[in-house]
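Tertiary structure, described
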Amino acid sequence: EGTRKESRGALIVLEGLDRSGKSSQCSRLVSYLEGQGISAELWRFPDRTTNVGQMISAYLSNTSQLDDHTIHLLFSANRWEKRSLMETKLKTGTTLIVDRYSYSGVAFSASKGLDIEWCKAPEIGLLAPDLVAYLDISPQKAAERGGYGDERYEKLDFQKKVAESYKTLHDVSWKVVDACQPIEDVEKQLQEIALDCVIECQKGKPLSPLLW
Ligand code: FDM
Ligand code: MG
């Protein structure tokens, strides 16, 4: 009835280097949650389907060149343009499993030498994740997995810088998962921490803005 507060969904973000297994773990996690009767959707940033996303995609595939600040703000704009839909989904009870978010935005741009505080500024006021799971793998191990594509940033030297930038962003609330374990073990750990998070949100943990 009208007075009963529906429980909200959780905003769960997976971060990590390229080839850390984020994308496959995100889809496995969505299937798992759905199997538990939890409404869940897979999201990813950049979201290449929007106009801004197409500009980002062209930049990543090296078909366009953009100033480092400009592309940083486009990545941020790509999150801002999805913010209100994100809030609606969460408030109507859908859990979002998000493949990369603001932390990728800051880690990748800071790795090019941009001031880290400048990088964080446009992210302020986006929705704060309820959980950040970091799939931890060394840049060397990730590179050994093969499968780096031809996109900008998919190079060992740059990934080493990104790994260092992620380290400066880590805070105690992050759940660090060893991404070098067998894929099923990584999956199990993510299921446990995600389910705990979903339950916490169902119990009324408030949705809050990202503040850093
Ligand atoms: N990336 C991703 C950024 O540089 N900033 C961002 O804000 C985001 C979300 O884009 F190299 C980088 C990270 C990666 C590239 O991401 C494309 P996917 O996950 O490989 O599509
Ligand atoms: Mg990639």
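Described in the following lines is the structure provided in the data block.

Conventions used here
- Residues numbered from 1 in each chain as written.
- Chains lettered and ligands numbered in written order.
- Predicted model: local features only at pLDDT ≥ 70, side-chain atom pairs only at ≥ 80, totals over all residues.
- Helix = DSSP H or I, 4+ residues; strand = E, 2+ residues; numbered from the N terminus.
- Rg over C-alpha atoms; globule rule 2.2 N^0.38 Å.
- Buried ≥ 20, exposed ≤ 12 C-beta atoms within 10 Å, placed from the backbone.
- Contact = placed C-beta atoms within 7 Å.
- Pairing = 2+ DSSP bridges.
- Axes fitted to C-alpha atoms, helices over the stretch in contact; angles between N-to-C directions.
- Core = buried A, V, L, I, M, F, W, Y, C linked by C-beta atoms within 7 Å.
- Near = placed C-beta within 6 Å.
- Nonpolar A, V, L, I, M, F, W, Y, C, P; charged D, E, K, R; others polar.

With respect to the overall build of the protein chain
- Within the protein chain, the regular secondary structure consists of 8 helices and 5 strands.
- Along the protein chain, from the amino end to the carboxyl end, the secondary structure elements read β-α-β-α-α-β-α-α-β-α-α-β-α.
- A compact globule built from 212 residues would reach a C-alpha radius of gyration of about 17 Å, and the protein chain, at 17 Å, matches this within 12%.
- Expressed as lengths along the three principal axes of its C-alpha atoms, the size of the protein chain is roughly 55 × 35 × 30 Å.
- Split into buried and exposed, the 212 residues of the protein chain put 37% on the buried side.
- Counting only contacts in the protein chain whose residues sit at least 6 apart along the sequence, the fraction spanning at least 24 positions is 81%.

Here's the deal with the sheet that holds strand β4 (residues 131-136)
- Ordered by their spatial adjacency, 5 strands build an open sheet running β2-β3-β1-β4-β5, and the pairing between neighbours is parallel. Two strands in the sheet have a free side with no partner beyond their single neighbour: β2 (40-44) and β5 (175-178). Neighbour-to-neighbour, the strand axes of this sheet turn through a mean angle of 20°, independent of strand direction.

Concerning the nonpolar core
- Ranked by internal contacts, the top residues of the largest apolar core, which has 45 residues, are I12, I97 and V98.
- Looking at this core element by element, the count peaks at 6 residues for helix α8 (residues 183-202).
- Look past the residues within four positions of I97 in its chain and what remains in contact with it is I12, C26, L29, V30, A40, L42 and W43.

So, the site of ligand 1
- Near ligand 1 the following residues occur: D18, F45, P46, L60, F75, R100, S104, G105, F108 and Y153.
- Broken down by element, the residue count for the shell around ligand 1 peaks at 3 residues, all from helix α4 (residues 102-110).
- In terms of residue class, the shell around ligand 1 is made up of 6 nonpolar, 2 polar and 2 charged.

Details of the environment of D99
- Note that D99 resides in strand β3 (residues 95-99).
- C-beta crowding within 10 Å serves as the criterion here: with 20 such atoms nearby, D99 is assigned to the buried category.
- Sequence separation between D99 and I12 is 87 residues, and the spatial gap between their C-alpha atoms is 8.8 Å.

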